[in-house]
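Per-entry structural report
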Amino acid sequence: MAKHETPLLDQLESGPWPSFVSDMKQEAEARAKNVNNVEYQIPSDVIEDLLGVLELSYKDGETHWKHGGIVGVFGYGGGVIGRYCDQPENFPGVAHFHTMRVNQPSGHFYTTEYLKQLCDLWEFRGSGLTNMHGSTGDIIFLGTFTPQLEEIFYEMTHKYDQDLGGSGSNLRTPSDCIGAARCEYACYDTQDLCTHLTLEYQDELHRPAFPYKFKFKFDGCPNCCVASIARADMSFIGTWKDDIQIDQEAVKGYVNGEFPPNGGAHAGRDWGAFDIQKEVVDRCPTQCMRYENGKLEINNRECTRCMHCINVMPRALRPGKQTGCSILVGAKAPILDGAQMSSLLLPFVEVNKENDYQEIKDVIESIWDWWMEEGKNRERLGELMKRQGFQKLLEVTGIDPIPQHVQEPRHNPYIFWKEEEVPGGFDRDIHEFRKHHQR
Amino acid sequence: MALDYEESKQKIIEGLQKKSKTKSKFYFNDLAKILDAKPREAKKIVTQMINEGILEFWSSGSTSMYGLKGTGKQAGAEHENE
Ligand code: HEM
Ligand code: HEM
Ligand code: SF4
Ligand code: SF4
């Protein structure tokens, strides 16, 4: 018998999809049974009370959580999100329900042993509920009491070599695609760059001094598996400068049906014979491809690197050999002014391990200097860019305007000449002018 | 020119105490303003004050603020004493 009746939550289980309510009930039951004899450090019925308070919120149409808190681990201004219930008598198991963020290994590479250790630690000292890699990207531990925080932090850092992630007005836990480790599309080593910058910017990650949150995300190619373009204040997206590599024999192989298109990803249904014209050439967004007399040609100057043709025929086509990344800035979720995707700042940057990614750090730091000084409290970079203009962003980063910055002519952005940029300035010698132009 | 720690500390403590009747939580920017310093310079002072336990962090989860240790507590966060 459940501790609290939850008729409204129960309804959520009736749909066709897996339900978080079922997950929570399952964990509640597991904690009640406790087959491994865990010495739970927080109330064993924490999940029952979580279900109960959620049910009450649904009934009341308002939240029963207070807003924020002072809790954290010593010296860190992030990584712990303090949560307190405003009905602690009725739901003592969730009187405290603090969230902890764990800085996941780059590329989400971990062993089952590591995962089990984290889970065991969290069953022992927390609610046992986790959330892996939501849109924020990191590992989230949901629900523990204040006295557990330092214990968990000590255990994680000393035994598992694992740091907390970012929350609050910090650099958030950087996250990246699996990249060069497993994926042949990778145009740079996402994991190395992600790890390097995570270590470089420890101070920014743990000691909040930004106007608001700031996120880095790293995609090895424009397929954008971590959706950096939509979810990061700075998106690093792999790209190439030269031509798409074509293996004409392999193209014929696809045309003759020797290789399944898309690596067989759509094999669940019979789509008929592969049609290169319809499925590749006609779908190129810039119409820069041609297939004639058994030969595929690409006008690479027009290619926008959308990855479509490469995804369909990976054996035949590959990104070019001169690879690097594009840097885009300013994506954010809706809170003010609606959602925003990142805007292109640098079409191509070399991703150079040899000099510890200095070019990239220079861009990052010039942006931070600007945003830390000019950004209003709780203003994301994308909002500051809108408020002060893209031209200002170019000024502070020392980047010259280029056609790729223009989304639509005369609209976004509009770059004005400044007097000092115009030879001779804005004043003209009217007599000199009149020699060549009549009144 | 690096800021003098002791002097800056006093400025922040006084600055925050002056406003303590109406406010117990401050944005990082407010502290930088009290010091009239660039954010990076101000951050060094603020970090040291945290490490010495003079200031403490407060976080809503998405935003962070600073306060003199022990002031305000939860009521301040909920704007009940404003
Ligand atoms: C082949 C020659 C030209 C082409 C293709 C051309 C094209 C255009 C286009 C596309 C626009 C709209 C720009 C925009 O609003 O985004 C425009 C605006 C304009 N064009 Fe031209 N144009 C040409 C020659 C000229 C010449 C010779 C003059 C003047 C003697 C001229 C005067 C203007 C003016 C005054 C505007 C409006 C600017 C404003 O809205 O402030 N154009 N032109
Ligand atoms: C079982 C309960 C909960 C679950 C499963 C949950 C899950 C999550 C997840 C997945 C995120 C990250 C979203 C992302 O990926 O960006 C998140 C963020 C957040 N959650 Fe929860 N949450 C829970 C309870 C709560 C409660 C009770 C509160 C408040 C009282 C809360 C406040 C927040 C806030 C403020 C953030 C955003 C922090 C930021 O700016 O990054 N959560 N939660
Ligand atoms: S973003 Fe590109 S490189 Fe990274 S995993 Fe996805 S397809 Fe591969
Ligand atoms: S990558 Fe996209 S834009 Fe470039 S040639 Fe292929 S389909 Fe066309």
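Since we're looking at a predicted model, the values are computed, not measured.

**A closer look at helix H4 (residues 112-125) of chain A**
Residue and element names in this part refer to chain A. Between its terminal C-alpha atoms H4 stretches 20 Å, which fits the 20 Å expected from 14 residues at 1.5 Å a residue. Turning to H4, its buried residues number three or more, namely Tyr114, Leu118, Leu121, Trp122 and Arg125. End-on, the buried residues of H4 take up no more than an arc of 95°, which puts them together on one face. Opposite the buried face of H4, by more than 90 degrees, sit the exposed residues Thr112, Glu113, Lys116 and Asp120. Its buried side turned inward, H4 meets strand S2 (99-102), strand S3 (129-132), strand S4 (139-142) and helix H5 (148-159).

**Thoughts on the site of ligand 4**
All residues in the neighbourhood of ligand 4 are listed as Cys284, Pro285, Thr286, Cys288, Met289, Ile298, Cys303, Thr304, Arg305, Cys306, Met307 and Cys309 of chain A. Split into classes, the residues belonging to the shell around ligand 4 amount to nine nonpolar, two polar and one charged.

**Some points on the packing of helix H6 (residues 190-200) of chain A against helix H12 (residues 358-374) of chain A**
All names here are of chain A. At their nearest, the axes of H6 and H12 sit 12 Å apart, and the two run at 50° to each other. Compared by their axis directions, H6 and H12 come out oblique. Remark: the crossing between H6 and H12 carries right-handed chirality. For the pair formed by H6 and H12, the contact residues are Leu193, His196, Leu197 and Glu200 on the first element and Ile360, Lys361 and Ile364 on the second.

**A closer look at the domain arrangement of chain A**
Residue and element names in this part refer to chain A. Per the domain assignment, the segments making up chain A are domain 1 (7-159), domain 2 (175-237 + 326-421) and domain 3 (245-318). Using C-alpha coordinates to define each centre, domain 2 is positioned 32 Å away from domain 3. Roughly 480 Å² of surface becomes buried between domain 2 and domain 3 when both sides are summed, with 50% attributable to carbon and sulfur atoms. Area buried by domain 2 at its contact with domain 3 is led by Glu184, Tyr185 and Pro222, which between them contribute 79% of it. Along the contact surface separating domain 2 from domain 3 lie one salt bridge. If you look at where domain 2 meets domain 3, you find two residue pairs in polar contact (both at pLDDT 80 or more).

**Thoughts on the site of ligand 2**
In the neighbourhood of ligand 2, 14 residues make up the surrounding shell, with Arg83, Arg101, Ser135, Thr136 and Arg172 of chain A lying closest. Those residues lying near ligand 2 are distributed over chains A and B. In the environment of ligand 2, an oxygen atom lies 2.5 Å from a nitrogen or oxygen atom belonging to the backbone of threonine 136 of chain A. Contact between ligand 2 and arginine 172 of chain A: an oxygen atom at 2.6 Å from a side-chain N or O atom of the residue. Residues of the shell around ligand 2, tallied by class, amount to four nonpolar, six polar and four charged.

**Looking at the pairing of S2 of chain A**
Within a regular beta strand, the side chains point alternately toward one face of the sheet and then the other, so they alternate between its two faces. Residues and elements named next belong to chain A. With burial as the criterion, each face of S2 is covered, one bearing Thr99 and Arg101 and the other bearing Met100 and Val102. Of the strand pairs in this sheet, strand S1 (residues 80-81) and S2 are connected by two bridges, and their pairing is antiparallel. Bridging across to S2, isoleucine 81 finds its partner in threonine 99. Where S2 meets S4, four bridges bridge the pair, whose relative direction is antiparallel. Looking at S4, one finds that arginine 101 is bridged to isoleucine 140.

**Let's talk about the interface of chain A and chain B**
Contacts between chain A and chain B engage 31 residues on the former and 26 residues on the latter. Of the roughly 2600 Å² buried between chain A and chain B, counting both surfaces, carbon and sulfur atoms make up 49%. Counting every contact that joins chain A to chain B gives three salt bridges. The closest approach of N and O atoms between lysine 38 of chain B and glutamate 373 of chain A, which form a salt bridge, is 2.8 Å. Viewed at the interface, chain B and chain A are joined by twelve residue pairs in polar contact (both at pLDDT 80 or more). Sorting the residues of the side of chain A that touches chain B by element identifies helix H7 (202-206) and H12 of chain A as the ones contributing at least two each. For the side of chain A that touches chain B, the element with the most residues is H12 of chain A, which contributes five residues.

**Description of a negative patch on the surface**
Residue and element names in this part refer to chain A. Among the surface-exposed residues, Asp400, Glu419, Glu420, Glu421 and Asp427 lie close enough to one another that they form a single negatively charged patch. Assignment of secondary structure puts glutamate 421 in the loop between helix H14 (390-397) and helix H15 (430-436). Relative accessible area serves as the criterion here: at 42%, glutamate 421 is assigned to the partly exposed category.

**Details of the packing of aromatic side chains**
Residue and element names in this part refer to chain A. Taken as a whole and assessed by the stated rule, the structure comprises 20 aromatic pairs over all chains. Ring centres 4.7 Å apart and planes at 70° place the aromatic pair tyrosine 201 and tryptophan 368 in the edge-to-face group. Taken together, the positions of tyrosine 201 in the loop between H6 and H7 and tryptophan 368 in helix H12 put the pair 167 residues apart, joining distant regions of the chain. Both residues of the pair, tyrosine 201 and tryptophan 368, count as buried. Three or more aromatic residues link up through ring pairs in this structure, and these residues are Tyr201, Phe210, Phe214, Phe216, Phe218, Phe236, Trp368 and Trp371. Over the aromatic face of tyrosine 212 sits the side chain of lysine 213, whose NZ or CZ is 5.5 Å from the ring centroid. Here the guanidinium or amino end of arginine 428 rests over the ring plane of phenylalanine 433, the centre of that ring lying 4.3 Å away.

**As for a positive patch on the surface**
Together, Lys18, Lys19, Lys23 and Lys33 of chain B make up a positively charged patch on the protein surface. For lysine 23 of chain B, the position within the fold is in the loop between helix H1 (5-18) and helix H2 (28-35).

**Re helix H9 (residues 248-255) of chain A**
All names here are of chain A. Those residues of H9 that sit buried are Ala250, Val251, Gly253 and Tyr254. All buried residues of H9 lie within an arc of 155° about the axis, which places them on one face of the element. Elements in contact with the buried residues of H9: strand S8 (245-246), helix H10 (276-279), strand S9 (289-292), strand S10 (295-298) and helix H11 (308-312). For H9, the side-chain oxygen to backbone nitrogen distance between the N-cap and glutamate 249 is 3.1 Å, and the N-cap itself is aspartate 247. At the C-terminal side of H9, glycine 257 shows a positive phi close to 80°.

Reading the values: the criteria
Residues numbered from 1 in each chain as written. Chains lettered and ligands numbered in written order. Predicted model: local features only at pLDDT ≥ 70, side-chain atom pairs only at ≥ 80, totals over all residues. Heavy atoms only, no water. Helix = DSSP H or I, 4+ residues; strand = E, 2+ residues; numbered from the N terminus. Expected span 1.5 Å × (residues − 1). Buried < 20%, exposed > 50% of the residue type's maximum accessible area, 1.4 Å probe, protein only. Arc of directions from axis to C-beta. Contact = heavy atoms within 4.5 Å. Near = heavy atom within 4 Å. Nonpolar A, V, L, I, M, F, W, Y, C, P; charged D, E, K, R; others polar. Axes fitted to C-alpha atoms, helices over the stretch in contact; angles between N-to-C directions. Parallel < 35°, antiparallel > 145°, perpendicular 65-115°, else oblique. Left-handed = near helix turned anticlockwise from the far one by under 90°. Domains from an automatic or database assignment. Buried area = accessible area lost by both parts, 1.4 Å probe. Salt bridge = Lys/Arg side-chain N within 4 Å of Asp/Glu carboxyl O. Polar contact = N/O pair within 3.5 Å; in protein donor to acceptor, adjacent residues only side chain to side chain. Pairing = 2+ DSSP bridges. Patch = residues over 30% accessible without salt bridge, like charges linked within 9 Å, V, L, I, M, F, W, Y side chains within 5 Å. Areas by Shrake-Rupley, 256 points an atom, 1.4 Å probe, with all protein chains shown as cover. Lys, Arg positive; Asp, Glu negative; His and termini not counted. Charge placed at Lys NZ, Arg CZ, Asp CG, Glu CD. Phe/Tyr/Trp six-rings, centres within 6.5 Å; stacked < 30°, edge-to-face > 60°. Lys NZ or Arg CZ within 6 Å of the ring centre and 35° of its normal.

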